[in-house]
Every structure is written in C-alpha cells, then in structure tokens.
Amino acid sequence: MKKLILSVAFVVLLLQANAQDNFSSVFKQINTEVQSNSQAYQNLKNATEKIGHRLTGSANGAKAEEFAYNLFKSYGFEVRYQPFEVESWDRKTLAVKVGNDKNSLSAVKAVTLAHSPVKANVTAELIDVGNGLEADYQPIKEKVKGKIALIYLGVLPGSPAGTASLHRSEKTAIATKYGAVGVVIINKVENGVLLTGTASVTGKLIPIPAVCIGLEDGMALKAKLKAAPQFAQIDMTNFSGMIKARNVIATLKGTSLPNEKIVVGGHLDSWDLATGAIDNGIGSFAIIDMARTFKKLKLQTKRTIEFVMFMGEEQGLLGSKAYVAQALKDKNLGQVRFMLNYDMTNDPKGFSTTRKEMEPLFKGWGAEVAKIDTGFKNLFQAGAGLHSDHQPFMLEGVPTGGGAGGKLPNNSGPFYHSDGDGFHLVDEQGLKNTVRYSSMLTYALANTAQIPVKRFTNAELKIFLESQKLKEPLKIAGEWKWGD
C-alpha cells in the first residue's frame, strides 16, 4: 500500500510539473540552433591550437581566461572577471629510480603529483599498501614509518566487493598519517600512461613527495616486493607560490526573479601535460556555447543565469571555492537556487542532481527532450560525489546537478590528466548533445514557476552527506565541519 501511495504521489507531482512548465517550443528552438550553428567544437579546437594547456596561474591560463571572456563578450553578454589570489603549484624536475639495492637503482618513467614539496630527495624501502585505505595500513602500520608507500590508484582487481575508491589526495593523506616519507601511486591504465593530479586534500603543499608510475611498472614492482625488499629514490623540484587567477562570469539577468540565480559552471583550467580537451574542454566550451545559444535565440528567463568558467579546479577547486567564499562574504549565496556543473560531461542521456525531490520536474522536462531526440533516454540520477566544482556549493547546502548517463568519446577516459588528452579525442556530436540538452535543462530551471528544493540547513546537510557516505573523505580532507 505504501508503494502504491508513493507511486500515485509521484504521478501527481509529474502531472503538476508538466502543467506548470510547457517549454517544448523553446526546447525545439534550442535543438535546431545547436544542431545547425553550434560553435563549441570549433571554439575548443581554436583554444587547443592557439593556447595549448590552460594551467591556472600560468601565461597560458591567463590567455584562456581572456579567450573565454572575449567569446562571452562577442555573444553580447555582460561579462566580468572574478579575480582571486591563491597558492599555486607547478612541476619542475623529477627523477624516480627503483631496485633491490639502494646503491644500484634504475630509472622508472614517472610524473610528479601536484602539491608535492618544492624540493625533495628521499631514498627508502618501498612498502606495498594495496589500495592505500585505512584498512590496508592496519596490519602493517608499525612497518610504514620511514618507507615509501606503493599504492594502487583505484581499486585493485580482486579486492572485496564494496571496497572504497578514495581520491589520490586522500590516499596520500593516509600515507602521511602513518609516517610514509614518499608515495608512489600506480596508474590503472595500460600501456604506461601516466596521470598527474593533486595529491593534496587542501590545495596546499604536502610534506612528502608523491609520484605516479605506469600500470606495468607498478604491477611488476608489486610482484618483486613479494620476493625481496625493493627500494626507491624520488628526487624532485617544484614551484609553489602565490598566483593570481580569474573566474570568468557571464550574466543573463532574470526578468521577474532577478535575485534568484542558476549557476552553470565548469572548470576552464587544465593540467599542463596536454591541452585538456576532454578535461575539461568539452565541459567548459559546452557552457560557453550554451550561453551563445541563449543570446542567439534572445531567450529570456525569470531567474538570472550565471555562466561561470572556474579556474583552479585541478589544483583544489580553487575558483569555485573563491566564488562561494565571496558569496558568503557578500551574504548572497542564498540567491543561488541551483548549481549545474559540467566536468567532462559528454552526450548525456538524462539529468542528475543531489536532490531526489527534483525527479518529477527533471523527468517531466526530460520527457519533452526525448520527444525531440530519442537518443536522450530521460535517465534520472540522484546522489552526490566530491572533487569537482559543485563541491563547494554542495557543502553549503546548495542543490547541484548536471548531465547523467553519458560516456566519454573515443576511449578518452584513460587519458584524462595525461599527455594524451588532446583535441583528437573530442566528438563533435557528443559535444553538441551536451550543449542542447543542458541548455534545455538550464532554461527550464530558470523559468519554472517554483523550484521545489531550497538550501539544506546545517543539520539537513550533515544527514545528507552521511547518507551519501561522504563523511570519511570529507574528514580526511578536513572539510567535515561537525566535529564528530
């Protein structure tokens, strides 16, 4: 009976959603415009060719900020920079050697993980800590101190069902806690692909050097450790210092509810190993083309939309944290009714959100989208994760969401954060699909009569984060604010 009542309630909500929102004619306009005139693919191609990588704080990063600003401006937007100053990091030199005799070591191909020390030169015995979780350290915790921890990046094949997959930064924090003097993380991608990324949960320097090595080298090292002790030397130099960066914000002012905002954001920055076409060119340039579409069609919205290019995501969500910090300071974060985040989004098949209560609206709008294109499957996902620009908003209780069910093009997943992340991996139609479906969702959110969710209270937020199993990673990161 309870299930029947809930089903009836859902149908009623769905009917109400369809009654209050009839956006099908605008959705069709958006579809035609994007399919015929999208500039996302060409703009991203131009950026990868003219700028290259988009590392925050670098000359290329500043060029990327200007590139985005000028595009928004060319489409007729009111655009502003949101400058912020943070401690930034950049790699300089690295040499990693391993072997069974510390006086006779052989070079191994490696890449430095971000926020490693400015200078480090350590030689020590390696210790295999499997997946690098707290449970992996318990049987050997007395043996870790003074050694270099060898850790698998994701979850090792053969691990028990349900084994957690922590971020590399969280695994590095745990290794540091147990007294490791260095971290060697094994990438899980075949053919020697090396991934960079931050090893810091705070976005500040970590006390020990951390590097990534290839899958084949790493698994061979694990096998050797079973037979005899192995040693490693990590010798590196890096840069760390205060740098200036700028979020880029294009605003479409709302008509009847101008003080309610829909923030549509994605990170413009990339790592320096490649051009970041997938991470996050396909997300950020989709957003720019969404903005172009709104202007081209002269769409008006009840709520204000801010299209935001965040910088510094790769180095610790620096730009989105700066945005939220400024909004808290100005006491206007409450104006943000919803935040949509596009990070490596490609060809979505539905909509996602942290708030289950949005299902009737999202499914109602999605049904209209599916009538236009049956490739859109009207999936709905409710849940939460970390490590992208939605996080600072979510941790202040703001509802967040984006695309659901898409797949990265051309087997590009293994190459994110690597020197293989180039424009050749981008799929033009997949990018168009992100633009058109996400434009429709944004338009609907900005025009629906009522958004049925509000910011979580502090107590509600705690319960929600616990339900999403985010307490442990947030505690490791020092972002669990409840103290228990």
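In the block above lies the structure referred to throughout.
Cut-off values and rules
Residues numbered from 1 in each chain as written. Predicted model: local features only at pLDDT ≥ 70, side-chain atom pairs only at ≥ 80, totals over all residues. Heavy atoms only, no water. Pairing = 2+ DSSP bridges. Helix = DSSP H or I, 4+ residues; strand = E, 2+ residues; numbered from the N terminus. Buried < 20%, exposed > 50% of the residue type's maximum accessible area, 1.4 Å probe, protein only. Polar contact = N/O pair within 3.5 Å; in protein donor to acceptor, adjacent residues only side chain to side chain. Contact = heavy atoms within 4.5 Å. Core = buried A, V, L, I, M, F, W, Y, C linked by side-chain atoms within 4.5 Å. Axes fitted to C-alpha atoms, helices over the stretch in contact; angles between N-to-C directions. Parallel < 35°, antiparallel > 145°, perpendicular 65-115°, else oblique. Left-handed = near helix turned anticlockwise from the far one by under 90°. Nonpolar A, V, L, I, M, F, W, Y, C, P; charged D, E, K, R; others polar. Expected span 1.5 Å × (residues − 1). Right-handed = clockwise from strand over helix to strand, strands pointing away. Phe/Tyr/Trp six-rings, centres within 6.5 Å; stacked < 30°, edge-to-face > 60°. Lys NZ or Arg CZ within 6 Å of the ring centre and 35° of its normal.

A. Layout of the pairing of strand S1 (residues 78–99). Pairing between S1 and strand S8 (residues 231–252): 21 bridges, direction antiparallel. Bridged to Phe84 within S8 is Ala245. Once S1 ends, the chain turns through 6 residues before running back antiparallel as strand S2 (residues 106–107).

B. Expanded view of the side chain of Thr198. Turning to its location among the elements, Thr198 is positioned in the loop between strand S6 (182–186) and strand S7 (210–213). Exposure remark for Thr198: the relative accessible area of 7% places this residue in the buried category. A polar contact of 3.1 Å, which involves the side chain of Thr198, links it to the backbone nitrogen of Ser200. When residues no more than four places from it in sequence are discounted, the contact partners of Thr198 are Ala114, His115, His167, Arg168, Ser169, Trp271 and Glu314.

C. How the structure looks around the nonpolar core. With 71 residues, the main nonpolar core has Phe72, Phe307 and Leu445 as its most contacted residues. Ranked by residues supplied to this core, first place goes to helix H9 (residues 277–296) with 10 residues. Setting aside residues no more than four positions away along its own chain, Phe72 makes contact with Phe77, Val79, Val248, Ala250, Ile288, Ala291, Phe307 and Met309. By size, the runner-up hydrophobic cluster in this structure holds 24 residues, among which are Leu113, Ala149, Ile151 and Ile185.

D. Quick look at the packing of helix H4 (residues 59–74) against H9. It is at 10 Å that the axes of H4 and H9 come closest, and there the two elements cross at 20 degrees. Judged on the interaxial angle alone, H9 and H4 are roughly parallel. Of the two possible hands of crossing, H4 and H9 adopt the one that is right-handed. Between H4 and H9, the residues in contact are Phe67, Ala68, Leu71 and Phe72 and Phe285, Ile288 and Ala291, respectively. A class-by-class count of the residues in the contact of H4 with H9 yields 7 nonpolar, no polar and no charged.

E. Quick peek at the environment of Ala62. Within the fold, Ala62 resides in helix H4. Taking the relative accessible area as the measure of exposure, Ala62 reaches 26% and is therefore partly exposed. Taking the C-alpha atoms as reference points, Ala62 and Thr434, 372 residues apart in sequence, are found 26 Å from one another.

F. Structural detail: helix H10 (residues 318–329). With 12 residues, H10 extends 16 Å from end C-alpha to end C-alpha; this agrees with the ideal 16 Å at 1.5 Å per step. If you check which residues of H10 are buried, you get Leu318, Gly319, Ser320, Ala322, Tyr323, Val324 and Ala327. After H10 finishes, the residue Lys331 shows a positive phi value of roughly 60 degrees.

G. Just the pairing of strand S9 (residues 257–267), in detail. Across 8 bridges, S9 lies against strand S10 (residues 303–310) in parallel orientation. Looking at the pairing, Val264 lines up with Phe307 of S10. Crossover connection from S9 via H9 to parallel S10: handedness right-handed. Direction of pairing for S9 relative to strand S11 (residues 336–341): parallel, over a ladder of 5 bridges. Its bridge partner lying in S11, Val263 is registered against Met339.

H. Quick peek at the side chain of Asn280. Of note, Asn280 is situated in helix H9. Asn280 gets classed as buried once you look at its relative accessible area, which sits at 0%. Within polar-contact distance, the side chain of Asn280 engages the backbone oxygen of His267 at 3.1 Å. Asn280 has contacts with Arg54, Gly266, His267, Asp269, Tyr342, Asp343 and Met344, leaving out every residue within four places of it along the chain.

I. Representation of the packing of aromatic side chains in the model. All told, the structure shown has 22 aromatic pairs when counted by the stated rule. Ring centres 4.7 Å apart and planes at 10 degrees place the aromatic pair Tyr137 and Tyr178 in the stacked group. In this pair, Tyr137 sits in helix H5 (residues 134–137) while Tyr178 sits in the loop between helix H7 (168–177) and S6, placing the two residues 41 residues apart along the sequence. Across this residue pair, the class does not change: Tyr137 and Tyr178 are buried. The ring of Phe77 carries Lys295 above its face, with NZ or CZ at 5.1 Å from the centroid.

The values reported here are purely geometric and, on their own, carry no functional implication.
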